[in-house]
Amino acid sequence: MSKSHLLSNAHKGHFDAAVQVFLNYSNSAPEFEKNEELAADAFENVISILESNFYLNELTISNFKKILDLKINIHKNLTVFIGENGVGKTSLLEAIRKNLMWIAATTRKKNTAGGHIDEDEVNNMAKQNSIGAYIDCEFRVGMVHKFKGRVARSPEGVVSDLKSELTEYRELGQNFRILNSYKNIDLPMFAFYGIDRLQKAGGKSKSLTLGKIDGYDDSLNSKATFGIFLDWLIQQLKLAKGSEKNLEIEDIKLQIQSLLEIKANKQEHPLHAVYLKLISDLKVKNTNYNNLQAQKTIQNLEVLFKDIYCNLEAIQLINEDDGNDKVAFKLETELIYLHQFSDGQRVLFGLIGDIARRLILLNDSSSNPFEGRGVVLIDEIELHLHPRWQQKVILILQKSFPNLQFIVTTHSPHILSTVDKSQIRIIKNNEIEPVILQTKGVASSDILEQIMGTHSIPIVDEAQWVYDYLIHVQNNEYESTEAIDLFKKLINHFGDHHPVISSIMNQIKIASIRKRLSKGDRG
C-alpha cells in the first residue's frame, strides 16, 4: 500500500492503517522516515479511533450446540436475548465468549490460545452428517474499521476446509501490546458473568497485584465468581488507609536480595541486566502513589454504589472486632456488612463492583475509568433480583458504565420493560423473530403476554371463577343464586379489599347503571 493511501485510510479512521502509520514513523519503513513527532501524532490518532468505538457488530453461528444456522446483528450498546428454555440463549453468550477469549489472551501475551469448540459442542445432526461447527464475530473499532474472526471445529474423520480464522484477533492483541509499550493506553474490557457468579471461588486466593493486564484475569472464565473482587476491595481499603504493603514492591525487593546474594550487582555477572532492571522498577514504584490511587478508587466506588444505596456514606474495612477483614457499608442510620447482604444484593453489588475493578485496572491512565469501552456478557441478568431491582439493573449498568456494550439473556418481563424493542432479539426455532411492539416503558404484564407469549393471569381455578362471574355480570345475572354462590367463593379466596374484588364491584356498578338506563329508555 502506498504512503498516500495508507495515510488516507488512517485519517479516515481505519484502525489497522492508523497503527501501521504509527509503526512506520516509529521504526522507519519504505517511504517513511523515522520521526518521533509524527509518530506521536499518529499514536494520538490511533487512540482517538480506539476510544470512539469498540463493540461486537455481528454474530454468525453454524452447528454450535442447538444452534444450526443463525446470524444476529448486535446493538452497539445493549442486546437482550429472550426465548423459552433450551432455545440457545446461553449458547449465544458462550459463542461470543470463545471469540473474545482470543482477543484478551493475545493482548496479554503473544501466541496465547483463546476459546475452542469442543467435540461435544458440535450439533448432533452436524456430527452425523460429518459437518463441522463455527462461530464468526465481526467487531467494529472506531467509526469505520471492522475486523473479523472465526472459531471453528472441523468434522471428525473427514477432510475439510473449515478452520479457525484468528489472524485479525492476534494482530489486534499484538497492536494493543505495542501501543501500550509505547505509552500507557486504556484497554477494552471483556467479561462473562454466568449463572454461577454468586458461588465462592474454591481454593486459596492468590496474591493480588495492581497490574493493568490483571483486568483480564479470569474475566472470560465461564465459572468466574466475585470472590476476587472482594479480595481486591479489601486490599484497596487497606491501601487507602496506608496499612497494606505494596505486594509488587515487596516481591521486587526479594528478587533483588536474591540477586545480591549471587553478586549479580557486579557488571560481569550474566544476570547483571536483570538486576539493573529490577533496581529501575523499584525506583518507579511508589507506595504513596498507590495509596493515593486506592483512596481515589474507593471514592469512585462509593459514588458508583450510591445508585444502589442512595444513603450510602462510606465503604469501610472492619477488623477490630475479631481480627477478620470485613467490608461494611456505612449508611445514614446503620452499618451493614457485605456478608449480611441478601443474595440479590450481593449479586448486584458484586456485578457492578467486578466490572468497576476490571475497568480501573485496564484504564489505569484514565481520569474516569468507568467510561472505558468493552463487551460484557451476562447470563440471566435478573438472577436473584427482586422485581423492583430487575427494573433498575439495566439502567444502573448503563448509567454507571456508559461506553460498555452489554449483551445479556433474561426471562424477566421487568427487565424488558426498561429495554427498547430495537435491542431485543427473540430466539425461536433457530431464527430471530422481530419485536413489533415497543417494550420500553410498557407494563410488565403486557410484555409477558405480547412479547413472551405467556398469560399474565395463570390458568388456575380461581382465575376461572373470576372469568365465570364476570360473564354473569355481563349478562346481568349477578343476582342469580349461582352468581351469588360464586361471589362468596371469590370473597373467601381473595378477601373483601383485594383489587380483584374491587374491580368486580366496579363492573357490577357499571352493569347496574346500564340496567337502570335501559329500563328508563323503555319507559
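Model, not experiment: these values are computed from the prediction.

Engineer: Would you mind going over the packing of aromatic side chains with me for this structure?
Structural biologist: For any pair of aromatic rings, the description rests on two quantities: the centre-to-centre distance and the angle between the ring planes. In this structure the tally under the stated criterion is 23 aromatic pairs. With a centroid separation of 6.2 Å and 85 degrees between ring planes, the pair formed by Phe-147 and Tyr-169 is classed as edge-to-face. Residue Phe-147 is found in strand β5 (residues 145–153), and its partner Tyr-169 is found in helix α6 (residues 167–182); the two are separated by 22 residues along the sequence. Its relative accessible area of 1% is what places Tyr-169 among the buried residues.

Engineer: Whenever I open this one, helix α2 (residues 15–27) confuses me. Can you help?
Structural biologist: An α-helical turn contains 3.6 residues, so a residue and the one three or four places further along point in the same direction. Here α2 contains 13 residues, and its C-alpha end-to-end distance of 18 Å stays within 8% of the 18 Å for a straight helix at 1.5 Å per residue. Burial analysis of α2 places 10 of its 13 residues in the buried class, which makes it a mostly covered element. Where α2 is buried, its residues meet α1 (3–12), α3 (36–52), β4 (133–141), β5 and α6. Count one or two residues on from α2 and you reach Ser-28, which has phi positive near 75 degrees.

Engineer: It is not clear to me how helix α15 (residues 461–474) should be interpreted in this structure. Could you clarify?
Structural biologist: The end-to-end C-alpha distance of α15, which contains 14 residues, comes to 20 Å, matching closely the 20 Å that a straight helix rising 1.5 Å per residue would cover. For α15, the full list of buried residues reads Val-466, Tyr-469, His-472 and Val-473. Summarising the axial view, the buried residues of α15 lie within an arc of 120 degrees, below the 170-degree limit, and thus occupy one face. Opposite the packed face of α15, turned more than 90 degrees from it, sit the exposed residues Asp-461, Tyr-467 and Gln-474.

Engineer: Looking at this structure, I do not really get the nonpolar core. What am I missing?
Structural biologist: A general tendency of soluble globular proteins is for nonpolar side chains to be buried together. Counting residues in each nonpolar core, the largest one holds 119 residues, and the members touching the most others are Phe-15, Leu-301, Phe-305, Ile-355, Leu-397, Phe-401 and Phe-406. Of the residues forming this core, the biggest block, 9 residues, is contributed by helix α11 (residues 343–362). Every residue in contact with Phe-15, bar those within four places of it in the chain, is listed here: Val-46, Ile-49, Leu-50, Val-141, His-145, Leu-172, Asn-175, Phe-176 and Leu-179.

Engineer: Even after reading the chapter, I still don't get the packing of α3 against α6, so can you show me in this structure?
Structural biologist: A pair of packed helices is captured by two measures, namely the crossing angle of their axes and the spacing between those axes. It is at 12 Å that the axes of α3 and α6 come closest, and there the two elements cross at 125 degrees. Comparing their axes, α6 and α3 come out oblique. Remark: the crossing between α3 and α6 carries left-handed chirality. Contacts between α3 and α6 involve Glu-36, Ala-39, Ala-40, Phe-43, Val-46 and Leu-50 from the first element and Phe-176, Leu-179 and Tyr-182 from the second. Of the residues belonging to the contact of α3 with α6, the class tally is 8 nonpolar, no polar and 1 charged.

Engineer: Before we go on, may I ask you to explain the side chain of Asn-53 in this structure?
Structural biologist: Summarising the element assignment, Asn-53 is placed in the loop between α3 and β1 (54–64). Side chain to side chain, Asn-53 and Lys-76 meet in a polar contact 3.3 Å long. Contact partners of Asn-53, with chain neighbours within four places excluded, come to Lys-76, Arg-140, Val-141, Gly-142, Met-143 and Arg-373.

Engineer: Which parts of the structure should I look at to understand the pattern of salt bridges?
Structural biologist: One side chain can pair with another of opposite charge once the charged atoms of both are near each other. Taken as a whole and judged by the stated rule, the model has 14 salt bridges. For Lys-330, the salt bridge is made with Glu-313, and the minimal N-O distance between the two is 2.7 Å. Of the two residues, Lys-330 is situated in strand β8 (residues 326–331) and Glu-313 in strand β7 (residues 312–318); the sequence distance between them amounts to 17 residues. As a salt-bridge pair, Asp-354 and Arg-357 come within 3.3 Å of each other at their nearest N and O atoms. With Asp-354 and Arg-357 both in helix α11 and 3 residues apart, the pair spans about one turn of that helix. The burial state of Asp-354 is the same as that of Arg-357; both residues are buried. Look at the salt bridges and you will find they share partners, linking Glu-138, Lys-146 and Lys-148 into a network.

Each value, and the rule that gives it
Residues numbered from 1 in each chain as written. Predicted model: local features only at pLDDT ≥ 70, side-chain atom pairs only at ≥ 80, totals over all residues. Heavy atoms only, no water. Phe/Tyr/Trp six-rings, centres within 6.5 Å; stacked < 30°, edge-to-face > 60°. Helix = DSSP H or I, 4+ residues; strand = E, 2+ residues; numbered from the N terminus. Buried < 20%, exposed > 50% of the residue type's maximum accessible area, 1.4 Å probe, protein only. Expected span 1.5 Å × (residues − 1). Contact = heavy atoms within 4.5 Å. Arc of directions from axis to C-beta. Core = buried A, V, L, I, M, F, W, Y, C linked by side-chain atoms within 4.5 Å. Axes fitted to C-alpha atoms, helices over the stretch in contact; angles between N-to-C directions. Parallel < 35°, antiparallel > 145°, perpendicular 65-115°, else oblique. Left-handed = near helix turned anticlockwise from the far one by under 90°. Nonpolar A, V, L, I, M, F, W, Y, C, P; charged D, E, K, R; others polar. Polar contact = N/O pair within 3.5 Å; in protein donor to acceptor, adjacent residues only side chain to side chain. Salt bridge = Lys/Arg side-chain N within 4 Å of Asp/Glu carboxyl O.

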